[in-house]
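Observations on the model geometry
Given next are the chains, with one letter for each unit.
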Amino acid sequence: MNKEKIVEQFKTNLANVKQRIEAAAQRSGRAADEVKLVAVSKYVGVEMTQLLVQAGALVLGENRPQALDEKFQKIPNPDLQWHLIGHLQRNKVKKVVAQARLIHSVDSTRLIDAIAKAAEDQSLVANILLEVNVSGEAAKHGFAENDVAKALDHARSYAAMNVCGLMCMGGLASNRADVRSEFERLRELRNRIDCENLPQLSMGMSGDFEIAIEQGATLVRVGSTLFEGVS
Ligand SMILES: *Cc1c(COP(=O)(O)O)cnc(C)c1O
């Protein structure tokens, strides 16, 4: 496929996803502009990511700090927002804090400490989400539901940290009803611990973003669907 064809295909795919976002929002009595698409570019390299940007994706999600760094350097576009959506190790926080508009995957108190310190050192405020392990699967990252309120208080003790909301991954083995109830649990948890000041709910991927929107998602992280028909 030549570059023009690829950009055209990305435009089509982005339009389809946006239409599905709108329909899901409408079904649940929400405004479509309450839901932001995070285009997950982790599957492709710099060049393909550039074409995705050319097609109109301006909020991009990466799951690895190294890839985020590479693309941040090589695609210097001031209109772009980079989001880190994957697991972050404490020794990698410095650059991530400088490069990511939002870190979705904050999953431990020690990571909160490291991010806050890195942000303080660079005179920045880090925007973060607390990742919650709503499915309770042992293999998953994230705070247990019962630990989230405490983690929130801790994060808020830092002036250099702004907690914007909560994030979860749908359970891998879950069926659709289970996924729906996991998303619902994240929303209810948010409503219980602080309904007012945690506006963002990052939940939903290619296979379940419409369910997530019906359950209140404000950020959907969509990857593979955007790359359909692109080779
Ligand atoms: C890869 C990834 C996604 C996107 O998943 P798709 O099923 O490809 O849409 C979303 N969130 C996280 C944390 C991911 O790692």
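Residues numbered from 1 in each chain as written. Predicted model: local features only at pLDDT ≥ 70, side-chain atom pairs only at ≥ 80, totals over all residues. Heavy atoms only, no water.

**Thoughts on the overall build of the chain**
Of regular secondary structure, the chain possesses 8 helices and 8 strands. A compact globule built from 231 residues should have a C-alpha radius of gyration of about 17 Å, and the chain, at 17 Å, falls within 12% of that. Along the first, second and third principal axes, the C-alpha set of the chain runs to 50 × 40 × 30 Å. Per-residue burial over the chain gives 50% buried out of 231 residues. By sequence separation, contacts in the chain at least 24 residues apart represent 61% of the contacts at least 6 residues apart. Accessible surface for the chain amounts to roughly 11,000 Å². Of this, 46% is attributable to carbon and sulfur atoms. (Helix = DSSP H or I, 4+ residues; strand = E, 2+ residues; numbered from the N terminus. Rg over C-alpha atoms; globule rule 2.2 N^0.38 Å. Buried < 20%, exposed > 50% of the residue type's maximum accessible area, 1.4 Å probe, protein only. Contact = heavy atoms within 4.5 Å. Areas by Shrake-Rupley, 256 points an atom, 1.4 Å probe, with all protein chains shown as cover.)

**Description of the nonpolar core**
Residues I103, I115, I128, L130 and V220 are the most contacted members of the largest nonpolar core, which totals 70 residues. The residues contacting L130, other than those within four sequence positions of it, are H104, V106, I112, F143, V148, A151, L152, V163, G165, L166 and M167. (Core = buried A, V, L, I, M, F, W, Y, C linked by side-chain atoms within 4.5 Å.)

**Points about the layout of surface pockets**
When its volume is computed, the largest pocket comes out at roughly 370 Å³. Forming the boundary of the largest pocket are 23 residues, of which K42, I85, M169, M205 and R221 lie nearest the centre. Residues that form the lining of the largest pocket fall into these classes: 9 nonpolar, 8 polar and 6 charged. By volume, the second largest pocket amounts to about 190 Å³. What lines the second largest pocket is a set of 13 residues, among which K18, I21, V35, K36 and L37 lie closest to the centre. Elements that contribute at least two residues to the lining of the second largest pocket include exactly α1 (3-27) and β1 (36-40). With 4 residues, α1 is the single largest residue contributor to the lining of the second largest pocket. Residues of the lining of the second largest pocket, tallied by class, amount to 9 nonpolar, 1 polar and 3 charged. (1 Å grid on protein atoms, 1.4 Å probe; cavity = no way out; pocket = protein on both sides within 12 Å on 5 of 7 lines; lining within 4 Å. Points joined across faces, edges and corners; volume = space filled by probe spheres on them. Nonpolar A, V, L, I, M, F, W, Y, C, P; charged D, E, K, R; others polar.)

**Side note on the site of the ligand**
Residues in contact with the ligand, as listed here, are V40, K42, Y43, I85, M169, M205, S206, R221, V222, G223 and S224. Contact distances for the ligand include 2.5 Å between an oxygen atom and a side-chain N or O atom of S206. For the ligand, the protein covers 90% of the area, taking 380 Å² as the surface of the free molecule. With respect to the detected pockets, the ligand is housed in the largest pocket. Split into classes, the residues belonging to the shell around the ligand amount to 6 nonpolar, 3 polar and 2 charged. (Near = heavy atom within 4 Å. Polar contact = N/O pair within 3.5 Å; in protein donor to acceptor, adjacent residues only side chain to side chain. Sits in = over half its atoms within 2 Å of the grid points.)

**Observations concerning the pattern of salt bridges**
A complete count under the given rule lists 14 salt bridges for this structure. Put simply, R27, R180 and E214 are held in one network by salt bridges that share partners. (Salt bridge = Lys/Arg side-chain N within 4 Å of Asp/Glu carboxyl O.)

**Some remarks on the packing of aromatic side chains**
Under the defined criterion, the tally for this structure stands at 2 aromatic pairs. An aromatic cluster is built from F10, Y43 and F227, whose rings are joined through pairwise contacts. (Phe/Tyr/Trp six-rings, centres within 6.5 Å; stacked < 30°, edge-to-face > 60°.)

**Re the side chain of D107**
Take D107: it is sitting in the loop between β4 (102-106) and α5 (109-121). Despite its burial, D107 remains without a salt bridge, the nearest opposite charge being carried by R90 at 8.5 Å. Within the structure, D107 has its side chain in polar contact with the side chain of H141 (distance 3.4 Å). Those residues in contact with D107 that sit more than four places away from it in its chain are H87, E131, H141, G142 and F143. (Lys, Arg positive; Asp, Glu negative; His and termini not counted.)

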